[in-house]
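Here is how the chains run, residue by residue.
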Amino acid sequence: MFRKILVAIDGSPASEKALAAAVDLATHYRAELTAISVAEVPAVVGLVDEVDELRQNAENHLREIGQAAVEYARSRGVVLRSVVVRGHAAETIVHYAENNAADLIVIGPHGHSRITRFFLGSTTDRVSEHSPCSVLIVK
Amino acid sequence: MEYNWEIATVWMGLALLASFVSIRYKLSVALVEILVGIAAGNLALLLDYYHLFGLQWELKANEWIAFLAGFGSILLTFMAGAEIEPAALRKFLKESLAIGTASFAAPFVGAMLFARYVSGWDWNAAMICGIALSTTSVAVVYAVMIETGLNETDFGKLILAACFITDFGTVFALGVCFANYDWSLVLFVLVAIVVLWLAPRFVRWFFTRYATHVSEPGVKMVFFVLFGLAALATISRSEAVLPAYMVGLALAGVFAHQRDTIRRLRTTVFAFLTPFYFLNAGMKVFLPALWSGLGLIIILLLVKLVTKFIGVYPLTRYFRFNNRDCHYTTLLMSTGLTFGTISALFGLNNGYIDQEQYSILVVVVIASAIVPTILAQTFFKPDVEPPVVVAIEPSPVVLRADSPDGAITGSTTSTVIVKRPSSLPTEQ
């Protein structure tokens, strides 16, 4: 049923559950599995160097998370490709799913802090609203 | 002396708090420092008003804090100038010069005339208003473009080059509008010309010779040049950020190959100097003035947006950007933050504007960092594929026969990919 699965990871406990579920599904359906992490940089900044530092930190952090995800999947006998993409989380996940013809997005219920969710809304809500394919929210 | 340590402890504590908040909520540390400064300064005023615990509550910058804050603003400006890509500026000289100049001139004139004839500010205050609202935030534009990968495209480089021209207009106006036109200005201009002419070759040689020395003679030499020009600028009642920005521009090509020096300089600036600058800028904002000036804040923000539109939009059409990119560019050129606060603080420190006018201007500047960015990103963001910056490709899973438990082994390899989206857009 599912041939291309995209799982969103950000290092939060919720995204670890999503990864575990995605690996199980990929095993079951023998699906191609990709993990996506989105490096977000605040747009309102005072200094160019600050942008570079924030970007570099976010990308390095997510690279480590991606490598850990690849290792985890491999320990379960699943081949996982991990990518780090720049952008806004929800928009980028949906965009990547569209461009790569994913037929399932697996995502945790939340990754942001409560305050961020309150002001900006949940990434999961926006992904499920705009996704071109099925979305599995793992709780 | 003990009192100095107490003051330093309080200020560094506030800077530390701002760092924690910015890291925890992924916000700009510069913005958070301004906001922490506003909160702390006004809280201190409130506590002092009620003589809480019978103590005197005061958070005003004393002489040495004012000096550190001023030094912070000079280095901020210098580093902003040094970030320009000279090759991009040369490649898009005509377009960036036209858009950048219009982006400075239209809001400068528009906001100045509005402040003078509608708000009734005196000429000096009106000029400060025009200068503070003429800025474009290179950092905000860069952050937005990094997200889409547009900074790697011709289109992005053109816009960034135009931002530098706008900021040059801002520091130039600060430098010339309030200067004393006498022998001291002539001396300052002559020395600045000689320094700017000699600096690139001399600094390149100096860094080749001494860059790796542990006592950082290269950094000291940059400070020496900046202090000297700042002293001359101050004597002629010009503004020290003008030579700092020009030295930064002149040395951009040299510093492009001195990333280690820039990194060490940045550590000094971010850890010790800019917190004093941004906290100080925030502390001078008087919150009650914002309520009474709320209408003016909204109108001045609109004045900035409209005058930027008048200046920038027709030129983007002239240079055959597509319609979406015209609006996107115009809105990005309407952002502002660091140079806006530097201009307003210059006005307050020199008595050209009062605290109420300063408070209004700083809030308009902060709003101009947020509102146009949201509008641009929500409605006019170019349709480019988000850049994949890291791709970790797994090696094939191998079952090792010699493994005692038949464990799966193998290693992962990571590849860094930076996609470069489309080049300069054309009329569609």
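Counting restarts for each chain, with residues numbered from 1 along the sequence as it is written. All chains are assigned letters beginning with A, and all ligands numbers beginning with 1, in the order in which they are written. In keeping with the model being predicted, local features are shown solely for residues with a pLDDT of at least 70 and side-chain atom pairs are shown and tallied solely at 80 or more, while totals for entire chains, interfaces and linings include all residues. Processing note: side-chain calculations cover all non-hydrogen atoms of the structure and skip hydrogens and water entirely.

A. Quick look at the overall build of chain B. Helix and strand definitions follow DSSP, with helices as H or I runs of at least four residues and strands as E runs of at least two, each counted in order from the N terminus. Counting secondary structure elements, chain B contains 17 helices and four strands. Here the term buried applies to any residue with accessible area under 20% of the maximum for its type, exposed to any over 50%, and partly exposed to those in between, with areas from a 1.4 Å probe on protein chains only. Each of the 428 residues in chain B was classed as buried or not, and the buried ones make up 54%. Contacts in chain B between residues at least 24 apart in sequence constitute 79% of all its contacts with a sequence separation of at least 6. Approximately 19,500 Å² of chain B is accessible, and the part contributed by carbon and sulfur atoms is 67%. Any pair of residues with heavy atoms lying within 4.5 Å of one another is described as a contacting pair. Only the protein chains shown count as cover for residues, and the accessible areas themselves come from Shrake-Rupley with a 1.4 Å probe.

B. Focus on the environment of Val269 of chain B. All names here are of chain B. By secondary structure assignment, the location of Val269 is in helix α12 (residues 259-283). Note on Val269: relative accessible area 0%, which makes it buried. Sequence separation between Val269 and Ser292 is 23 residues, and the spatial gap between their C-alpha atoms is 36 Å. Non-local contacts of Val269, meaning those with residues more than four positions away in its chain, are made with Leu75, Met79, Thr274 and Pro275.

C. Looking closely at the side chain of Ser184 of chain B. Relative to the helices and strands, Ser184 of chain B resides in helix α9 (residues 183-210). Ignoring anything within four residues of it in the chain, the contact list for Ser184 of chain B reads Ile235 and Ser236 of chain B.

D. View of the interface of chain A and chain B. Each partner contributes residues to the interface: chain A has 40 residues there, and chain B has 48 residues. The quantity reported as buried area is the accessible area (1.4 Å probe) lost by two parts once they are put together, taken as the sum for both. Between chain A and chain B, roughly 4,000 Å² of surface is buried when both sides are summed, and carbon and sulfur atoms account for 62% of that area. The largest contributions to the chain A side of the interface with chain B come from Val44, Arg74 and Arg86 of chain A, which together make up 18% of the buried area. Counted as salt bridges are all cases of a side-chain nitrogen of Lys or Arg within 4 Å of a carboxyl oxygen of Asp or Glu. Here chain A is connected to chain B by two salt bridges.

E. Spatial organisation of the domain arrangement of chain B. Residues and elements named next belong to chain B. Bear in mind that the domain bounds are from an automatic or database domain assignment. For chain B, the assigned domains are domain 1 (1-60) and domain 2 (64-277 + 286-379). Domain 1 and domain 2 are separated by 26 Å when their C-alpha centres are compared. Taken together, the twelve residues of domain 1 in the interface contact 13 residues of domain 2. Summing the contributions of domain 1 and of domain 2, the shared interface buries around 1,100 Å²; its carbon and sulfur component is 81%. Counting across the interface, domain 1 meets domain 2 through zero salt bridges. For this analysis, a polar contact is any N or O atom pair within 3.5 Å, provided that within protein one partner can donate a hydrogen and the other can accept it, and provided that sequence-adjacent residues contribute only side-chain to side-chain pairs. Seen at the junction of domain 1 and domain 2, the total is one residue pair in polar contact (both at pLDDT 80 or more). Those elements that provide at least two residues to the side of domain 1 that touches domain 2 are α1 (2-24) and α2 (29-49). Ten residues, namely Ala, Val, Leu, Ile, Met, Phe, Trp, Tyr, Cys and Pro, are considered nonpolar, four, namely Asp, Glu, Lys and Arg, are considered charged, and the remaining ones, Gly among them, are considered polar. Its residues assigned to classes, the side of domain 1 that touches domain 2 shows nine nonpolar, two polar and one charged.

F. Region of interest: the packing of α12 of chain B against helix α16 (residues 338-349) of chain B. Residue and element names in this part refer to chain B. Fitted lines through C-alpha atoms serve as axes, helices being fitted only where they are in contact, and the angles separating the N-to-C directions of these axes extend from 0 to 180 degrees. The contact between α12 and α16 brings their axes to 11 Å, and the two run at 60°. For the element pair α12 and α16, the recorded crossing hand is left-handed. Residue-level inspection shows Tyr277, Phe278, Asn280 and Ala281 of α12 in contact with α16, the latter providing Thr338, Thr341, Ile342 and Leu345. A class-by-class count of the residues in the contact of α12 with α16 yields five nonpolar, three polar and no charged. Take the far helix as the reference: if the near one is turned anticlockwise from it by less than a right angle, the crossing is left-handed, and if turned clockwise, right-handed.

G. Spotlight on unusual backbone geometry. A positive phi is found at Arg30 of chain A, a non-glycine position, where the angle reads about 50°. Counting through the fold element by element, Arg30 of chain A comes out in the loop between α1 (13-29) and β2 (32-39). The phi torsion at Arg237 of chain B lies on the positive side, around 60°, for a residue other than glycine. Assignment of secondary structure puts Arg237 of chain B in the loop between α10 (217-235) and α11 (241-255). By relative accessible area, Arg237 of chain B is classed as partly exposed at 38%.

H. Local environment of helix α7 (residues 138-148) of chain B. Residues and elements named next belong to chain B. Across the eleven residues of α7, eleven count as buried, placing the element largely inside the fold. The complete set of buried residues in α7 reads Val138, Ala139, Val140, Val141, Tyr142, Ala143, Val144, Met145, Ile146, Glu147 and Thr148. Looking one or two places after α7, you find Gly149, whose phi comes out positive at around 80°.

I. The arrangement of the packing of aromatic side chains in detail. All names here are of chain B. Any two rings among Phe, Tyr and Trp, with Trp reduced to its six-membered ring, count as a pair given centres within 6.5 Å; such a pair is stacked if its planes are under 30 degrees apart, edge-to-face if over 60, and tilted if neither. Scanning the model with the defined rule gives 26 aromatic pairs over all chains in all. Pairing Phe178 with Phe346 gives two aromatic rings, centres 5.7 Å apart and planes at 55°, and the pair type is tilted. Taken together, the positions of Phe178 in the loop between α8 (154-177) and α9 and Phe346 in helix α16 put the pair 168 residues apart, joining distant regions of the chain. Residue Phe178 is classed as buried on the basis of its relative accessible area of 5%.

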